[in-house]
Amino acid sequence: MSRLSTLLRLEAAESQTVQDASMIGHFHLTEHPLIFLPLNRSGTEATLLAVMFGDDPARPHLLVAPPNGRPTAFLEELADRILTHIDSFQNTEHLPAKRSKPARERHTHAPQLLVANRKTIPYIRQLGRSLRFTDPPEGSDPARSVGRLGQWLTFFADHAEHPGSAFLLALTDLLTTRWITGQSSLEDEHLAALLAWIDPPPGTTGLSAAIEAENPQVPGPDGQLRRPAGPATDPSFDSLELDPLLTAYNKAAKEGNTAMMARLTDRLHTLLHHYLTPTWDDAWHALGLLRTLPRTQDSQHRWAADRDRFTAYRSYLADDGRPQPAKDDPVSAARRLARMELAQGAFNAHRALEDRFFMAERRTTGEALAGTVTDTDPHHTVPGARGDLLRPRLTLHTTDPVRLDIGSLLAGPHNPRVHLAVRAITPRDHGTDLLLEVTTLTGTVNKPRTDSVPAAGDLLELTFAPEFFRRPPFPSRENTPWTHGGPQHNHPAAILETAEEPQP
């Protein structure tokens, strides 16, 4: 947490009112996202008790696992419904060849899963891992199987770790980017309490509304109890309501009382419906609040890259179809880590260039700075292969902390396409002088572009240019020694790497 976020959290706690943070949406929100609210069976790692899902706020689908026995029918119905939603995205667009990239097809839309809180994302990963190796029944279609559902859940969970991807998002993360409350970040994971801070009932403060929302035994203004949003159930709910019902069901099953078992199954369905419905309503309330934010241009570029990955993975399933391995091989793990580091750096840079709040946060950590141009040399040149190249220089004085290296590439909101390379760093007058060299949009020696060079006296805000972050070169799998995991031919991880490389 940055100093700026900490200050706003303290102000929110003192005023008992939520504080504004970022005023821009940095993730694409689809027209019909799938809200997915799973509940885990207490005492197990990844065994579904129930799940409520759907893309229409007026039509939630609730599936409840049987109280005992194998949940085969339950999982098959869940797989059929979720895969039907994923398969509904069929339309594609043709993208012509570009530079060295061949022409290709890309889906015009892709599925998006929204969950209540951050803890649900690793739960979906665990659920995908437990399901994706399930063999389909003999004679059935593997494309509509429980194993295929596990593969898609793993796909979504894997991309939730990829910075900037919008396939799987936690609503609490999106809300706390826009609003900062006076409670801890752990308490912010309670969706009902977070929404109470953001949108309290008239005449109440965010703090008092959140305290009421956190009490699972006190009904809210709509008369409904606000239970924790999962995937773990509320302990008081387990001990007072769920466990007695399951105990009664097991007793009826031992006695062979099928009529009682049927009644208790209906009661279980009703009980879990009442448990999840308030969270379902809160999820759509949160989505409505988030839709009011303008979207950044970079969010659309990243969603286009997501659609590339969706298209590639769908092709992989059609052509190969093997589940993701239990763990990456060394080569795939190294490449995946490099991709994620690159994506994180570029994503942070884009957010700072498009959002004043994130730029201010980065200034407090030394990853961005503001200063005044004190001198310019618009006619500076450097030798090139075919003659001198125009590389204007300027001196920027800043009193912000500077944690840059010589050669760092910077950009600013004034024109993100203009890149400035750091050539010298000199402490001076209780601050720092930076010698910067313009490397893009300079024009030529005979036809210079004056709009790319700031004038003396201009105030600039600068942070790392997204293009500064480049993935290190990796040897091909054929040239990777066996001591480092290669070469491995026809390995699922190697084939899946193509799905992780979006086309520009």
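Residues numbered from 1 in each chain as written. Predicted model: local features only at pLDDT ≥ 70, side-chain atom pairs only at ≥ 80, totals over all residues. Heavy atoms only, no water.

So, about the overall build of the protein. The helix and strand inventory of the protein stands at 13 helices and 17 strands. With respect to the principal axes defined by its C-alpha atoms, the protein has extents near 95 × 60 × 40 Å. Among the 504 residues that make up the protein, the fraction classed as buried is 49%. Long-range pairs, those at least 24 residues apart, make up 68% of the contacts in the protein between residues at least 6 apart in sequence. Within the structure as shown, the protein displays about 24500 Å² of accessible surface, and the carbon and sulfur contribution to it stands at 54%. Across the protein, the mean location of the 52 positive side-chain charges is 4 Å away from that of the 62 negative side-chain charges. (Helix = DSSP H or I, 4+ residues; strand = E, 2+ residues; numbered from the N terminus. Buried < 20%, exposed > 50% of the residue type's maximum accessible area, 1.4 Å probe, protein only. Contact = heavy atoms within 4.5 Å. Areas by Shrake-Rupley, 256 points an atom, 1.4 Å probe, with all protein chains shown as cover. Lys, Arg positive; Asp, Glu negative; His and termini not counted. Charge placed at Lys NZ, Arg CZ, Asp CG, Glu CD.)

Here the focus is the sheet that holds strand β8 (residues 168–170). The five strands lie next to each other as β4-β3-β2-β7-β8, forming an open sheet whose pairing is mixed. Looking at the sheet topology across the chains shown, the edges are occupied by β4 (61–64) and β8. Shown here is a sheet whose adjacent strand axes are inclined to one another by a mean of 25 degrees, direction ignored. As paired strands, strand β2 (residues 34–40) and strand β7 (residues 113–115) are joined by two bridges and run parallel to one another. By the bridge assignment for β7, Ile35 is matched with Leu114. Packed onto the sheet, helix α3 (residues 120–131) meets β2, β3 (48–54), β7 and β8 and runs at close to 75 degrees relative to β2. (Pairing = 2+ DSSP bridges. Axes fitted to C-alpha atoms, helices over the stretch in contact; angles between N-to-C directions.)

Our next topic: the pairing of strand β16 (residues 431–438). Where burial is concerned, most of β16 is hidden: seven out of the eight residues are buried. Across six bridges, the pairing between strand β13 (residues 393–398) and β16 is antiparallel. By the bridge assignment for β16, Leu396 is matched with Leu434. Where strand β15 (residues 420–428) hands over to β16, the hairpin turn is made up of two residues, of which Asp429 adopts a positive phi near 50 degrees.

The sheet built from six strands closes into a barrel, its strands ordered β10-β13-β16-β15-β14-β17 with antiparallel pairing. Geometrically, the sheet is characterised by an average inter-axis angle of 45 degrees between neighbouring strands, direction not taken into account. Across the sheet, helix α12 (residues 356–365) lies against β10 (368–377) and β17 (459–464), angled at about 80 degrees from β17, the strand it touches most.

Before going further, it helps to spend a moment on unusual backbone geometry. At Asp429, a position not held by glycine, the phi torsion is positive, near 50 degrees. For Leu441, which is not a glycine, the phi torsion comes out positive at approximately 55 degrees. Residue position: Leu441 is located in the loop between β16 and β17.

Moving on: the confidence of the model for the protein. Per-chain confidence: the protein averages 87 in pLDDT, with 93% of residues scoring 70 or above. The spread of mean pLDDT over the elements of the protein runs between helix α13 (residues 492–496), the lowest at 63, and β7, the highest at 97. (pLDDT = per-residue confidence, 0-100.)

On to the nonpolar core, then. Within the largest apolar cluster, 80 residues are counted, with the highest numbers of intra-cluster contacts made by Phe36, Phe53, Leu78, Ile82, Trp152, Phe156 and Leu175. It is helix α9 (residues 258–290) that contributes the most residues to this core, 12 residues altogether. Other than its neighbours up to four places away in sequence, Leu175 contacts Leu191, Leu194, Leu195, Ile198, Ala286 and Leu290. In this structure, Val373, Leu394, Leu396 and Val422 belong to the second largest nonpolar core, which totals 15 residues. (Core = buried A, V, L, I, M, F, W, Y, C linked by side-chain atoms within 4.5 Å.)

With that settled, the discussion passes to the pairing of β15. Inspection of the sheet shows strand β14 (residues 409–411) paired to β15 by two bridges, in the antiparallel sense. In the sheet register, Leu410 faces β15, and the bridge partner there is Leu420.

We now examine the environment of Leu441. For the pair formed by Leu441 and Asp451, sequence separation is 10 residues and the distance between their alpha carbons is 8.8 Å. Contact partners of Leu441, with chain neighbours within four places excluded, come to Asn415, Arg417, Val418, Arg449 and Ser452.

Inspection of every chain in the model, using the stated rule, returns 26 salt bridges. A salt bridge links Glu437 to Arg423; the nearest nitrogen and oxygen atoms lie 3.1 Å apart. Of this pair, Glu437 sits in strand β16 while Arg423 sits in strand β15, and the two are 14 residues apart along the sequence. Relative accessible area serves as the criterion here: at 35%, Arg423 is assigned to the partly exposed category. (Salt bridge = Lys/Arg side-chain N within 4 Å of Asp/Glu carboxyl O.)

What follows covers the environment of Arg417. Looking at the secondary structure, you find Arg417 in the loop between β14 and β15. Here Arg417 falls in the exposed class, since its relative accessible area comes to 58%. Put simply, Arg417 and Leu441 are 24 residues apart on the chain and 7.6 Å apart in space, counted from C-alpha to C-alpha. The contact partners of Arg417, leaving out residues within four places of it in the chain, are Thr440 and Leu441.

On to the packing of aromatic side chains. Following the criterion strictly, the structure yields 17 aromatic pairs and no others. Relative to Phe156, the ring of Phe155 has its centre 5.7 Å away and its plane inclined at 75 degrees; by these criteria the two rings are edge-to-face. Judged by its relative accessible area of 1%, Phe156 falls in the buried class. Seen from their ring centres, Phe237 and Tyr275 are 4.6 Å apart, and the 55 degrees between their planes marks the pair as tilted. A residue pair is termed long-range when its members are at least 10 positions apart, and Phe237 in helix α8 (residues 235–255) and Tyr275 in helix α9 qualify at 38 residues. Residue classification places Phe237 among the buried positions, given a relative accessible area of 1%. Judged by its relative accessible area of 2%, Tyr275 is buried. Feature note: the residues Trp152, Phe155, Phe156, Phe167, Trp303, Phe310, Tyr313 and Tyr316 constitute an aromatic cluster, connected by ring pairs. The ring of Phe27 carries Arg302 above its face, with NZ or CZ at 5.5 Å from the centroid. Over the ring of Phe358 we find Arg351, and its NZ or CZ is 4.0 Å from the ring centre. (Phe/Tyr/Trp six-rings, centres within 6.5 Å; stacked < 30°, edge-to-face > 60°. Lys NZ or Arg CZ within 6 Å of the ring centre and 35° of its normal.)

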